[in-house]
Amino acid sequence: MFFELVRKANYDMRLDKLLSSLGYCSRREVRALLREGHVTVSGSSRLSPDMHVEPSSVSVDGEALDALPPIVLMLNKPAGHECSHAASGPSVYDCLPDRFRVRNPTLACVGRLDKDTTGLLLLTDDGELLHALTSPKKHVEKAYRVTLRDTLKGTEVALFASGNLLLDGEEKPLLPAVLLVLGEREAELVICEGRFHQVKRMFEACGNEVVSLHRARVGKLELGTLPEGEWRFLEPLEVELLRQPNQA
Ligand code: URA
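These notes cover the structure that comes with them. Remember, it's a predicted structure, so these values are computed and weren't measured experimentally.

So, on to the side chain of Lys142. By the secondary structure assignment, Lys142 is in strand β9 (residues 142–148). Despite its burial, Lys142 pairs with no opposite charge; the closest candidate is Glu193, at 8.5 Å N-O. In this structure the side chain of Lys142 is engaged in a polar contact, spanning 3.2 Å, whose partner is the backbone oxygen of Glu193. The contacts of Lys142, once residues within four sequence positions are left out, are Leu189, Val190, Ile191, Cys192, Glu193, Gly194, Arg215, Arg217 and Val218.

Glancing now at the environment of Arg35. Mapping Arg35 onto the fold places it in helix α3 (residues 30–35). Linking Arg35 and Ser135, residues 100 residues apart in sequence, is a C-alpha distance of 46 Å.

This brings us to the pattern of salt bridges. Two side chains of opposite charge can pair, provided their charged atoms sit close to one another. All chains considered together, the criterion is met by 17 salt bridges. The salt bridge involving Arg101 is made with Asp94; its shortest N-O contact spans 2.2 Å. We classify Arg101 as partly exposed; its relative accessible area is 28%. Bridged by salt links that share partners, the residues Glu170, Glu193, Arg195 and Arg201 form one connected network.

Counting 33 residues, the largest nonpolar core has Leu123, Val146, Phe160, Leu189, Val199, Met202 and Phe203 as its most contacted members. Within the residue set of this core, elements represented by two or more residues are β6 (72–77), β8 (118–124), β9, β11 (186–191), α6 (198–204) and β12 (210–218). Here this core spans two domains, since at least three of its residues come from each of domain 2 (72–136 + 224–243) and domain 3 (142–218). Non-local contacts of Val199, meaning those with residues more than four positions away in its chain, are made with Tyr144, Val146, Leu189, Ile191, Val210 and Leu213.

Before going further, it helps to examine the site of the ligand. Neighbouring residues of the ligand: Leu113, Asp114, Thr117, Tyr144, His197, Gln198, Val199, Lys200 and Leu213. A distance of 3.2 Å separates an oxygen atom of the ligand from a polar backbone atom of His197. Contact distances for the ligand include 3.1 Å between a nitrogen atom and a backbone N or O atom of Val199. Considered on its own, the ligand offers 240 Å² of accessible surface; in the complex 95% of this is hidden by protein. Considering every element that reaches the shell around the ligand, the biggest residue donor is α6, with three residues. Split into classes, the residues belonging to the shell around the ligand amount to four nonpolar, three polar and two charged.

Quick look at the sheet that holds strand β4 (residues 58–60) now. Spatial ordering of the open sheet is given by β2-β4-β5, a layout of three strands whose pairing is antiparallel. A single partner strand is all that each edge strand has here, and the edge strands are β2 (39–41) and β5 (63–64). Both β4 and β5 contribute to a ladder of two bridges, which runs antiparallel. By the bridge assignment for β5, Ser59 is matched with Ala64.

Procedures and definitions
Residues numbered from 1 in each chain as written. Predicted model: local features only at pLDDT ≥ 70, side-chain atom pairs only at ≥ 80, totals over all residues. Heavy atoms only, no water. Helix = DSSP H or I, 4+ residues; strand = E, 2+ residues; numbered from the N terminus. Buried < 20%, exposed > 50% of the residue type's maximum accessible area, 1.4 Å probe, protein only. Lys, Arg positive; Asp, Glu negative; His and termini not counted. Salt bridge = Lys/Arg side-chain N within 4 Å of Asp/Glu carboxyl O. Polar contact = N/O pair within 3.5 Å; in protein donor to acceptor, adjacent residues only side chain to side chain. Contact = heavy atoms within 4.5 Å. Core = buried A, V, L, I, M, F, W, Y, C linked by side-chain atoms within 4.5 Å. Domains from an automatic or database assignment. Near = heavy atom within 4 Å. Areas by Shrake-Rupley, 256 points an atom, 1.4 Å probe, with all protein chains shown as cover. Nonpolar A, V, L, I, M, F, W, Y, C, P; charged D, E, K, R; others polar. Pairing = 2+ DSSP bridges.

Now the structure itself:
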């Protein structure tokens with residue numbers, strides 16, 4: 001809301017609020033940050049917390065400020081990391097700059113991947129985009145590369161496409177999903193829902209088990225060649241692509 005107002009009215013922003021909202025420090029710590037000379041505004045370090053500044057004129061330790069909200073980034077999620085701010089062990093936020101954890105508005109995962117799942121994870125502080133990508137009504141496609149414990153039986157393609165598969169403990173069958181067989185124990189699965197452990201439970205329903213799971217695409221956006229554990233901001237055109245409904 002704060003950044004929304006700033007953008008619309010093209011206001012300058014209070015320096016302490018700007019720095020704390022981007023996670024550089026808390027409002028209380030701003031004075032120390034300024035006193036120690038970490039911050040400059042248009043090259044000057046004679047600053048006060050309540051001064052109003054144009055964000056593009058501010059540097060911290062000689063670097064331009066992080067992008068203002070809204071931001072959207074992709075991470076090639078490594079295995080062993082949880083999609084949670086409150087993880088007891090490694091978290092996907094460990095792959096990002098520390099200050100991204102405390103940005104306001106919050107940088108949230110766009111849907112969750114299991115701890116052992118790798119691949120395309122989007123994070124955003126844009127509530128509207130988050131809703132558009134995760135709402136069950138929107139049917140955004142997600143493509144997964146799956147490795148299985150046992151050889152595929154040959155019946156899975158039709159079962160997943162049928163729209164009749166009922167997962168254990170659920171009352172509503174899954175929407176049709178597309179399975180492309182790539183090898184005896186390898187497949188690509190495209191689903192347009194995001195039910196709890198959906199891919200693993202789909203193969204469990206066939207008596208099989210997923211031994212590795214990697215997400216390669218969300219909507220029209222592919223992970224591409226981003227190395228595991230690395231992240232990058234999306235280009236504006238990529239964000240546009242995400243807003244377009246479905247299919248690669
Ligand atoms: N389905 C799963 O079972 N796990 C994931 O991480 C994503 C989809």
